[in-house]
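Reading the structure
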Amino acid sequence: MKKLIRNVLTAAVVMALLTCAFAVPSFAHKDGGCLGDVPRTDVAVEIDAERDKIYDYGLTVDVKEEKDRPVLATGTVTLLYSGGVIYAFAEVTDSDVQTPKSDARSESPWLTDSFEIFINLPNNSNVNDVMQYRIDCDGYPTVYNKAGLRAYGEKAASEYFRYAAKRTSYGYCAEFAIPADAPGQEIGVNFQINDIHGEEGELTWAVVYSVAMDGGTDSWYVNVYPYLSLGAYSSASESGLTVEATQVPTEVPVETPEPDGENGNGNGNSDGGNNGGEQSGNDKAGQLSAGAIAAICAGAAALIAACVIVCIVVKKKKAQVNENSQVREKEE
Ligand SMILES: [Ca+2]
Ligand SMILES: [Ca+2]
């Protein structure tokens, strides 16, 4: 009897473990599309809001998308990779650059004319792994993530990246140096321009194109971020750009997420805790897939079924023992 119970429980545990193993979702996601390779370089880049010559050979990404609202300010960001650091030079065309308010800087810095870079270093679907770096039009830096980091201002943010910005005849430019220890690897990214305009200080924004959305991604919707590689197959020197075409990364499409145009993304860009709606949309990104949840439930059901079988067997055995003992008592 004990052997039977042991065998039933062992089978149930094995079944549950196998079910859970197959339930682990794939986190390598390509759904946003590939933006290309960021050339590696040995040429020094100065973080001074001036465009270094070497940027001419960098990877340039357009930042001009938004699916549902008008975009007024657009721009580009040009990227290089050197010594484990992403160098980014953003050029924003904004006809109404407004001086950031001090309370906006300290409490809601997305409500400033500013440029943001989102880095998902593991290129996964976990929104808590995304780092957000922002520089406003006059050079105020902020760093944020949904895992609890909130480093606003020079003293706090300087620990995480180097930065500079200045106004131009067409708007402003911002230059970033962001540590990213992932040479040759693919990382998820998003880029965003926050545009304050008009007497009321209205906010609109532009982000990078996502294949999965056929337009702009939402700020924190990591599932549909596009990705790029860091110095995987190209390099830049003062003599030009070299592309080693044989090392082009393989793009393997995976499960396409459900596009969520609304995404609860009230202003498309606020830092987590400041916008409950946006948080809900991104929580969705960090959740397990429906298939994974179903498989886990199936594993749990197998365990429960095994326990029920064991209980029935034990109950029957007890009843049989009682019956036998009663028979023995009568015989005695
Ligand atoms: Ca520079
Ligand atoms: Ca503006």
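Residues numbered from 1 in each chain as written. Chains lettered and ligands numbered in written order. Predicted model: local features only at pLDDT ≥ 70, side-chain atom pairs only at ≥ 80, totals over all residues. Heavy atoms only, no water.

Within the protein chain, the regular secondary structure consists of five helices and 16 strands. Counting all 332 residues of the protein chain, 48% fall into the buried class. Long-range pairs, those at least 24 residues apart, make up 67% of the contacts in the protein chain between residues at least 6 apart in sequence. When the accessible surface of the protein chain is summed, it comes to about 16,200 Å², and 54% of that surface belongs to carbon and sulfur atoms. (Helix = DSSP H or I, 4+ residues; strand = E, 2+ residues; numbered from the N terminus. Buried < 20%, exposed > 50% of the residue type's maximum accessible area, 1.4 Å probe, protein only. Contact = heavy atoms within 4.5 Å. Areas by Shrake-Rupley, 256 points an atom, 1.4 Å probe, with all protein chains shown as cover.)

Here we take up the coordination of the calcium ion (ligand 1). Within the protein, the atoms that donate to the calcium ion (ligand 1) are E46 (O), D48 (OD), E50 (O), D52 (OD), E175 (OE) and E175 (OE), at distances of 2.2 to 2.6 Å. In this structure, the calcium ion (ligand 1) is surrounded by six donor atoms whose angles at the metal cover 51 to 170 degrees, and the resulting shape is irregular. Counting the intervening residues between successive donors of the calcium ion (ligand 1) yields the motif E-x1-D-x1-E-x1-D-x122-E. A residue pair is termed long-range when its members are at least 10 positions apart, and E46 in the loop between strand 1 (34–41) and strand 2 (59–63) and E175 in strand 10 (residues 171–179) qualify at 129 residues. (Donors = N, O, S within 2.8 Å, 3.2 Å for Na, K, Ca; no water. Tetrahedral: all angles 85-135°; square planar, octahedral: opposite > 155°, others 65-115°.)

Bound to the calcium ion (ligand 2) are the protein donor atoms D94 (OD), D94 (OD), D96 (O), D113 (OD), D113 (OD), D195 (OD) and I196 (O), situated 2.3 to 2.8 Å from the metal. Here the donor residues for the calcium ion (ligand 2) map to a single chain with the spacing D-x1-D-x16-D-x81-D-I. Here D94 is found in the loop between strand 4 (85–93) and helix 2 (102–107), whereas its partner D113 is found in the loop between helix 2 and strand 5 (114–120), with 19 residues between them in sequence. For the pair shown, D94 and D113 are each scored as buried.

Moving on to the nonpolar core. The biggest cluster of nonpolar side chains holds 40 residues, and the ones touching the most others in it are L79, F115, F176 and F191. If near-sequence neighbours (up to four positions away) are discounted, F191 is found in contact with L35, V61, V63, V77, L79, F115, E116, I117, A206, V207, V208 and L228. (Core = buried A, V, L, I, M, F, W, Y, C linked by side-chain atoms within 4.5 Å.)

This part takes up the pairing of strand 10. The buried fraction of strand 10 is high, at eight of nine residues. Across nine bridges, strand 4 lies against strand 10 in antiparallel orientation. Directly across from A90, in strand 10, lies its bridge partner A174. For strand 9 (residues 162–167) and strand 10, the ladder comprises six bridges, and the chain directions are antiparallel. Bridge assignment links R167 to a residue of strand 10, and that residue is Y172. Linking strand 9 to strand 10, which pair antiparallel, is a turn of three residues. (Pairing = 2+ DSSP bridges.)

This paragraph deals with the environment of L35. Here L35 lies in strand 1. By relative accessible area, which is 22% here, L35 ends up partly exposed. Sequence separation of L35 and V208 is 173 residues, and the distance between their C-alpha atoms is 9.6 Å.

Turning to its location among the elements, Q132 is positioned in strand 6 (residues 130–136). With a relative accessible area of 1%, Q132 lands in the buried category. One polar contact links Q132 to E116, side chain to side chain, over a distance of 3.3 Å. (Polar contact = N/O pair within 3.5 Å; in protein donor to acceptor, adjacent residues only side chain to side chain.)

Averaged over the protein chain, the pLDDT score is 80; the fraction of residues at 70 or greater is 65%. Here residues 258–269 is a poorly scored stretch, pLDDT under 50, and it has 43 contacts once near neighbours within four places are set aside; other chains count. In this model residues 272–297 is a low-confidence stretch, pLDDT under 50, and it forms 48 contacts with partners more than four residues away in sequence or in other chains. (pLDDT = per-residue confidence, 0-100.)

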